[in-house]
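Okay, here's what each chain looks like letter by letter:
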There are 2 protein chains.
Amino acid sequence: MYLRRVIVLLVAWSCAVSGSRAGILAAPGAAERWGIFELALRGPAEGNPFLEVELAAEFSDGERTMRVSGFYDGEDVYRVRFMPDTLGTWSFTTRSNRAELSGIAGSFETTPAAPGNHGPVGVVNRWHFAYADGTPYRPFGTTIYGWAHRPETLQEETLRTLAEAPFNKVRMLLTPQNFGRQVPRPERFPYEGTPPRDWDYTRFNPDFFRHIERRIGDLRDLGIECDLILFHPYGRMWGLDEMGPENDDRLVRYVVARFAAFRNIWWSMANEYDFVRWKQPEDWDRCFQVVQASDPYGRLRSIHNGFQIYNATLPWVTHASIQSGAAVEEAGRAELLRSAFRKPIVYDEVKYEGDIERRWGQLDGREMVHRFWSGKVVGTYVGHGECLTNPESIMWISQGGRLRGESPPRIQFLRTILEDGPAEGIEPIDKWQEPAGMGGRPGRYYLLYFGREKPTSWTFELFKNGIADGMTFTVDVIDTWDMTIERVPGLFTTKKKDAYHFVDAEGRTVSLPGKPGMALRILRVGDTSNDPELEVPIE
Amino acid sequence: MYLRRVIVLLVAWSCAVSGSRAGILAAPGAAERWGIFELALRGPAEGNPFLEVELAAEFSDGERTMRVSGFYDGEDVYRVRFMPDTLGTWSFTTRSNRAELSGIAGSFETTPAAPGNHGPVGVVNRWHFAYADGTPYRPFGTTIYGWAHRPETLQEETLRTLAEAPFNKVRMLLTPQNFGRQVPRPERFPYEGTPPRDWDYTRFNPDFFRHIERRIGDLRDLGIECDLILFHPYGRMWGLDEMGPENDDRLVRYVVARFAAFRNIWWSMANEYDFVRWKQPEDWDRCFQVVQASDPYGRLRSIHNGFQIYNATLPWVTHASIQSGAAVEEAGRAELLRSAFRKPIVYDEVKYEGDIERRWGQLDGREMVHRFWSGKVVGTYVGHGECLTNPESIMWISQGGRLRGESPPRIQFLRTILEDGPAEGIEPIDKWQEPAGMGGRPGRYYLLYFGREKPTSWTFELFKNGIADGMTFTVDVIDTWDMTIERVPGLFTTKKKDAYHFVDAEGRTVSLPGKPGMALRILRVGDTSNDPELEVPIE
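Right, let's walk through the structure included here. (Residues numbered from 1 in each chain as written. Chains lettered and ligands numbered in written order. Predicted model: local features only at pLDDT ≥ 70, side-chain atom pairs only at ≥ 80, totals over all residues. Heavy atoms only, no water.)

Looking now at the overall build of chain A. Broken down by element type, chain A carries ten helices and 34 strands. Its C-alpha atoms give chain A a radius of gyration of 25 Å, within 12% of the compact-globule value 24 Å for 539 residues. Expressed as a percentage of its 539 residues, the buried residues of chain A come to 61%. Considering only contacts in chain A between residues 6 or more positions apart, those separated by 24 or more positions represent 69%. Summing over all exposed atoms, chain A offers an accessible surface of approximately 20800 Å²; the carbon and sulfur share of this is 50%. A distance of 1 Å separates the average location of the 64 positive side-chain charges in chain A from that of its 74 negative side-chain charges. (Helix = DSSP H or I, 4+ residues; strand = E, 2+ residues; numbered from the N terminus. Rg over C-alpha atoms; globule rule 2.2 N^0.38 Å. Buried < 20%, exposed > 50% of the residue type's maximum accessible area, 1.4 Å probe, protein only. Contact = heavy atoms within 4.5 Å. Areas by Shrake-Rupley, 256 points an atom, 1.4 Å probe, with all protein chains shown as cover. Lys, Arg positive; Asp, Glu negative; His and termini not counted. Charge placed at Lys NZ, Arg CZ, Asp CG, Glu CD.)

The following block contains the structure:
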């Protein structure tokens, strides 16, 4: 197998590239499926290549043709990056307004995805996500806004922390936040010159973007999606929030051209978009559309709000990215935005575990975990953040480093439970009446979260959908804080109680310890694949 | 004044109508502002006038021209109805594909609105409503689906009940509900013939529509908006939910032509639209668009859901009409759809006060009142319904008759409180953190509702928006069930507590009786019109 692959590579390399060869710096003969094929070309460096040179390539596997923009990477080097999503031979041809970059053609072989490479994440089942190979993806995100702009040693520590953490998504800022004098200036800026006075918004600093893409790649290699935030209101002194539409759009196109081929990239138009004073709502609509038009892969697109929730029903939004201090305090609230937007709901910011003076950073670990459960149990996705004060003055949400909070192990515990659950994702079981608490798949799998209640017992009772008399279930008692799962002895057998509910035929109840943060997992016993009762439409 | 009006009328009558006069049955010389001008014409009765005769008129006040469809009213009579919204002279000319109905021109005078006529209701301040003359309109709706299809004496009783009730909006079905054998068949049906076998969907029964419009007029005269439901899933045996797009659209156009001139008409595309099996989501989008295109006045448009909430951000939706058994259980939930849709939210169905077996009709009066307060306090609007069993077997929500519940007087109490409040409507004061409970206008007016909590005291505390040190407030303790308002002795003076809140300078608290359903009204003392602090953007 290995030998055959080497031969393919050699054959591909030897015959794949045609046309003007003078400018070709690299054109690999093979690329991994959902990996990156990168064509490097030598081209003009005079004038302003960022403005004056257009470069794109068409890639075809014989059935589909995809148009991909290239970009100038400085020092007379141009690159075109492409993520092949089918196995076999892909051919390409470049187009440019410069002869030496135009008409370069070639081909390469796509090799099977390596273990751990499941492809990019997309939306499935309306409210959920999966990788391209069908593996479910359940977002367990954290926020580390500026980690890629901090000193190298801190970035490496952040990556080591992430390797051990329960998170599979990181929200991070493309451009640095201005902390004033509290924090040293970043080493790199996105434009040539010194911000903001002698910045030239028409000349990108390739080194800055190379660094960001290195970090995107690091996240990918850890199995972490990169939710990249294009704009934010925290760079005010550097002018990054008031460059104007033309510069904004050029930045967006450059970023998409460079990063879109990374299978783990998600586009977040902004953080707290409504706090960016220099932009109007229509600027954000346009930003989405520019991304949509330039990204050949249709990567996930969202925008994070301050106070004003963006209309996630708009066609260019793939999922909602919500900040709210209150929406996941209980499951009944969490569910409502799902019903309103009918797209995946990611509560990326629900306040952070922390001990700072600002009210958004004062959750204790228990409340952070409570919010995760409240949202997750009704089929929405909740994100983590941490701002605990510490001697180093390095807070996770802004700089990365180490995690110090109590919530991450409990978040991992929840993640494991959901990964053991239905691949399709879980849905609220009876949202019209009782959105709080119970999610799952009717007749098959239920999670019931009691939140801040402190019940001492629970009478076995399931909503009618998917249930008939005589079905048997096991019940597990889950302590979301102590991270224990205990199977209740014996089975529960359903018996119709009234027009809405089924109870246990013997009226059995489940004992609970009278403390908050308890949950139940209720599993159908035996093979359920032939149950007609399971054909319940889940709206 | 009276004499002058009579003269105007006579002059107008004598000279206003020109063109072919043979067919004119009525063309009044005057109409009340926001009343109805009705032109009646004699025309062809042969063939099928509903299908074959087109009639419209253009009305102009010299500045605007409005195109209004006419309709066939049976027995060779055609009518064109128009609601003039400006004072002065309006002229008109008819257009038709029949010569005898075309080119009829004339004019009439618009006289000032009579007392109690505030014009039609529209959306103001994004989340609220007002009449055309600027008078605030705060929906306090009730549901009486089939009242207009019940026996005459019962209809009259319903109107007498409404005259004394706290409601200013009625949700009602255009076409009758099929109750099977439980309830006698309605006297009138919308089509000629007997449903459904020998119905002719191309021939309306004018008597049916005359009756409905008489009831719309009765509601108008009581100051009640008519939220008319065009389609519903409850007439299945009569085929009304499966007529097909062509018949649907013809019905919609006929209804709009007949009723749109009534200033109190609102269009609700459907009740429980997602339970109408024969229609797809795109049918509802089209239905909205047909209404929008045919209604020259742009009357309010909504659609009521079963389980699946319709996307109220769509441009043809003026406000959300929500059914949910859970969304107004607490204010924090109620607020979320407001933030999601950014239009007025009318929770038209939140379960009903009742004692029936179905879970949507089991609220006790206290819970109904609780739901009203939970929604209203955050600037959304909650609707009433009643299905209490009774010896006559006549339930308010389906047939009208008498109100028997405990909630209506308390709803009136709440209505009076809100009518004493800010004309602009109230908004959640701090929805990011604490949507539950407090609404009002920052720095000026606050309502705080404690819901199911049973506090024994409340420490005076207001969110920072609109507040500065040294402002003085009074506090009223409101018992939402016993309908009492008690002013707490003395004034409260603000003093900054932390980055978010102000408290009383002397740390005063308010004593509360430790029971559920309590509220506070907090009013700024003195003239606040020059307060710069009040210039707080309310998102």
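Let us keep going from here.
Trans peptide bonds make up most of the peptide bonds, and negative phi angles are found at most residues other than glycine. All names here are of chain A. Positive phi, close to 65°, is recorded for Trp34, a residue that is not glycine. Along the chain, Trp34 falls in the loop between strand 2 (30-32) and strand 3 (37-42). The residue Lys351 is not glycine, and still its phi comes out positive at about 80°. Mapped onto the elements, Lys351 comes out in the loop between strand 20 (345-349) and strand 21 (353-354).

Now for the sheet that holds strand 10 (residues 128-131) of chain A. Residues and elements named next belong to chain A. Pairing within the open sheet is antiparallel, and its three strands lie in the order 9-10-11. Single-partner strands in this sheet number two, and they are strand 9 (121-124) and strand 11 (136-137). Two strands pair when backbone bridges link them, and strand 10 and strand 11 are joined in this way by two bridges, in the antiparallel orientation. Following the sheet pairing, Ala130 is matched in strand 11 by Pro136. (Pairing = 2+ DSSP bridges.)

Turning to the sheet that holds strand 12 (residues 141-143) of chain A, a few remarks are in order. Residues and elements named next belong to chain A. Pairing within the open sheet is parallel, and its five strands lie in the order 12-13-16-17-18. On the outer flanks of this sheet lie strand 12 and strand 18 (301-302), each paired with one strand and no other. The pairing of strand 13 (residues 169-173) with strand 16 (residues 225-231) spans five bridges and is parallel. Considered in strand 16, the bridge of Met172 is made with Leu228. Each of strand 13, strand 16 and strand 17 (265-270) touches helix 4 (residues 206-221); the most contacted strand, strand 13, lies at about 170° to it. (Axes fitted to C-alpha atoms, helices over the stretch in contact; angles between N-to-C directions.)

A separate point is the environment of Ser294(B). Residue and element names in this part refer to chain B. Following the sequence through the fold, Ser294 ends up in helix 6 (residues 281-294). Ser294 gets classed as buried once you look at its relative accessible area, which sits at 17%. When residues no more than four places from it in sequence are discounted, the contact partners of Ser294 are Arg253 and Val256. In terms of polar contacts, Ser294 uses its side chain to reach the backbone carbonyl oxygen of Val290, at 2.3 Å. (Polar contact = N/O pair within 3.5 Å; in protein donor to acceptor, adjacent residues only side chain to side chain.)

Contacts between the two partners involve 36 residues from chain B and, on the opposite side, 36 residues from chain A. Taken together, both faces of the contact between chain B and chain A bury some 3300 Å²; the carbon and sulfur share is 55%. Sorting the residues of chain B by area buried against chain A places Arg359(B), Trp432(B) and Tyr500(B) first, and these three jointly supply 28% of that buried surface. For the pair chain B and chain A, the number of links is 23 residue pairs in polar contact (both at pLDDT 80 or more). Looking at the side of chain B that touches chain A, the element that brings in the most residues is helix 7 (residues 331-341) of chain B, giving seven residues. When the residues that make up the side of chain B that touches chain A are grouped by side-chain class, the tally is 15 nonpolar, ten polar and eleven charged. (Buried area = accessible area lost by both parts, 1.4 Å probe. Nonpolar A, V, L, I, M, F, W, Y, C, P; charged D, E, K, R; others polar.)

Attention shifts here to the packing of aromatic side chains. This model, assessed by the stated rule, comprises 86 aromatic pairs over all chains. Here the aromatic rings of Tyr191(B) and Phe204(B) are separated by 5.4 Å at their centres, their planes lie at 25°, and the arrangement is stacked. Here Tyr191(B) is found in strand 14 (residues 191-192), whereas its partner Phe204(B) is found in strand 15 (residues 200-204), with 13 residues between them in sequence. Seen from their ring centres, Phe209(B) and Phe259(B) are 6.4 Å apart, and the 45° between their planes marks the pair as tilted. Of the two residues, Phe209(B) sits in helix 4 (residues 206-221) while Phe259(B) sits in helix 5 (residues 245-259), which places them 50 residues apart along the sequence. Exposure remark for Phe209(B): the relative accessible area of 0% places this residue in the buried category. Above the plane of the ring of Phe492(A) lies Arg508(A), whose end atom (NZ or CZ) is 4.1 Å from the centre. It is Lys376(B) that lies over the ring of Phe140(B); its NZ or CZ is 3.5 Å from the centre. (Phe/Tyr/Trp six-rings, centres within 6.5 Å; stacked < 30°, edge-to-face > 60°. Lys NZ or Arg CZ within 6 Å of the ring centre and 35° of its normal.)

Turning our attention to the relation of the copies chain B and chain A. Here chain B sits on chain A after a turn of 180° about the axis and a move of 0.0 Å along it, with an RMSD of 0.0 Å. Within this description, the copies of the chain are treated as partners about a two-fold rotation axis. Among all residues of chain B, the one whose C-alpha sits closest to the rotation axis is Arg333(B), at a distance of 2.5 Å. (Least-squares fit on C-alpha atoms with pLDDT ≥ 70 in both.)

So, on to the layout of surface pockets. Space left empty within the atom packing is revealed by a probe, the size of a water molecule, rolled over the atoms. By volume, the second largest pocket is sized at about 1400 Å³. If you go around the second largest pocket, you meet 45 residues; those closest to its centre are Glu272(A), Phe275(A), Phe307(A), Arg358(A) and Trp360(A). Contributions of two or more residues to the lining of the second largest pocket are made by helix 9 (396-399) of chain A together with strand 24 (427-428) of chain B. Of the residues forming the lining of the second largest pocket, the biggest block, three residues, is contributed by helix 9 of chain A. By residue class, the composition of the lining of the second largest pocket is 21 nonpolar, twelve polar and twelve charged. (1 Å grid on protein atoms, 1.4 Å probe; cavity = no way out; pocket = protein on both sides within 12 Å on 5 of 7 lines; lining within 4 Å. Points joined across faces, edges and corners; volume = space filled by probe spheres on them.)

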